[in-house]
Amino acid sequence: MLDAKTYSNTDLINLAKENFVNLKINAESENGQKLFDEFKGTGYPLIVFLDSNGNELDRFYGYKPSYEFSIKMKNILDGKNTFTYFLTEFEKGNHSSEILKPLADKYREKGEDDIALSLYLQLLNEGNIAKDDFVESKYYIATLSLKQNNIKLINDFLIDFQDTDLFENAVYELIYHYQKNKQIDEELSTYQKYLINLYNSPQFLNSYAWRMTELNQNLDDALDKVNLSLSLLNQDDQAYPMVLDTKAEVLWKLEKTNEAIQIINQALLIDSENQYYKAQKEKFENSK
């Protein structure tokens, strides 16, 4: 996405060439993985800005359209809204929420969880904190604590903030925690508990259905949930063929191979060049 829609922008290319030494590395290569680990990367793609001495000025993750990417580069050149800017302000004694929140975010993105956690906790003691910043800080305190095997705070968040945009994310965090630690019973009970709250989330319903195919459990219920997920999506939604693929996988696991082939064919009608869907179809056909 970055290559196709961002790095191809002429103005952005000129800005980068005139002001930066640009280096692109495949993070999945041997050297790329070493660098990714060295920088404590937490997602792909990772874009890091360094000064001439190799000190990190700022970073961000994921796709950014060309105008946002350009703003990031101009901020680096102007020394504004960067990690080094917020850290300098903090070290000057500016501990306002306007500095604490972005600085905590920057440390979290850098993988320095202990410092980030300390700053989020300090932020909660500030009197003048926006409601969204308060909720986000509680969320990140809970998720960072979860990495230390403290599940109490994430469960508290799920009780106190059910009506926020971060509720579903918090559920995923708890599920992935159990999944990573191979606590299958706890993972399943968490899915079942929050299906009630997230019955209108196509993403969550699809996630549950796919996970059931991996565990080979509750497959009839998984089929019901993936059908509900499809009913909540428009057929022109980008996620629609992916959910069709989940349904095909569920059907295949239920030994309904012909139906699985029919459904994966529907996904291929939408995305005919998708190599994964083609491989799925071949898998289904070879199992007959």
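Attention in this report is confined to the structure presented alongside it. These figures come from a predicted structure and were not determined experimentally.

Considerations on the overall build of the chain
Piece 1. For the chain, the count of helices and strands is 16 helices and two strands.
Piece 2. C-alpha extents for the chain along the principal axes are approximately 65 × 45 × 35 Å.
Piece 3. When each of the 288 residues of the chain is scored for burial, the buried share is 43%.
Piece 4. Excluding contacts between residues fewer than 6 apart, the proportion of contacts in the chain whose partners are at least 24 apart in sequence is 48%.
Piece 5. Surface accessibility of the chain: about 16,500 Å² in total, with carbon and sulfur atoms responsible for 46%.

Notes on unusual backbone geometry
Piece 1. Of note, asparagine 81 is a non-glycine position whose phi angle comes to about 55°, a positive value.
Piece 2. Relative to the assigned elements, asparagine 81 resides in the loop between α4 (66–78) and α5 (83–91).
Piece 3. The phi angle at asparagine 218 is positive, at roughly 50°, despite the residue not being glycine.
Piece 4. When you line up the elements, asparagine 218 lands in the loop between α12 (202–215) and α13 (219–231).
Piece 5. Looking at asparagine 218, the relative accessible area reads 37%, which means it is partly exposed.

Observations regarding the environment of glutamine 262
Piece 1. Structurally, the position occupied by glutamine 262 is in helix α15 (residues 257–270).
Piece 2. Judged by its relative accessible area of 52%, glutamine 262 falls in the exposed class.
Piece 3. It is 9.1 Å that separates the C-alpha atoms of glutamine 262 and lysine 281, two residues lying 19 residues apart in sequence.

Quick notes on the side chain of serine 201
Piece 1. By secondary structure assignment, the location of serine 201 is in the loop between α11 (184–195) and α12.
Piece 2. Setting aside anything within four residues of it in sequence, one finds serine 201 in contact with Glu168 and Leu232.

Some points on α4
Piece 1. With 13 residues, α4 ought to run about 18 Å at 1.5 Å a step, and its terminal C-alpha atoms sit 18 Å apart, in line with that.
Piece 2. Those residues of α4 not exposed but buried are Ser66, Phe69, Ser70, Met73, Asn75 and Ile76.
Piece 3. Just downstream of α4 lies glycine 79, where phi reads positive at about 70°.

Quick look at the packing of aromatic side chains
Piece 1. The tally for this structure, following the rule as stated, stands at 17 aromatic pairs.
Piece 2. Geometrically, the ring pair formed by phenylalanine 83 and tyrosine 107 is edge-to-face, given 5.1 Å between the ring centres and 90° between the ring planes. Taken as a pair, phenylalanine 83 in helix α5 and tyrosine 107 in helix α6 (residues 97–109) lie far apart in primary sequence, 24 residues in all. Each member of the pair, phenylalanine 83 as well as tyrosine 107, carries the same accessibility label: buried.
Piece 3. What links up through ring pairs into an aromatic cluster is the set Tyr120, Phe134, Tyr139, Tyr140, Phe157 and Phe161.

Each value, and the rule that gives it
Residues numbered from 1 in each chain as written. Predicted model: local features only at pLDDT ≥ 70, side-chain atom pairs only at ≥ 80, totals over all residues. Heavy atoms only, no water. Helix = DSSP H or I, 4+ residues; strand = E, 2+ residues; numbered from the N terminus. Buried < 20%, exposed > 50% of the residue type's maximum accessible area, 1.4 Å probe, protein only. Contact = heavy atoms within 4.5 Å. Areas by Shrake-Rupley, 256 points an atom, 1.4 Å probe, with all protein chains shown as cover. Expected span 1.5 Å × (residues − 1). Phe/Tyr/Trp six-rings, centres within 6.5 Å; stacked < 30°, edge-to-face > 60°.

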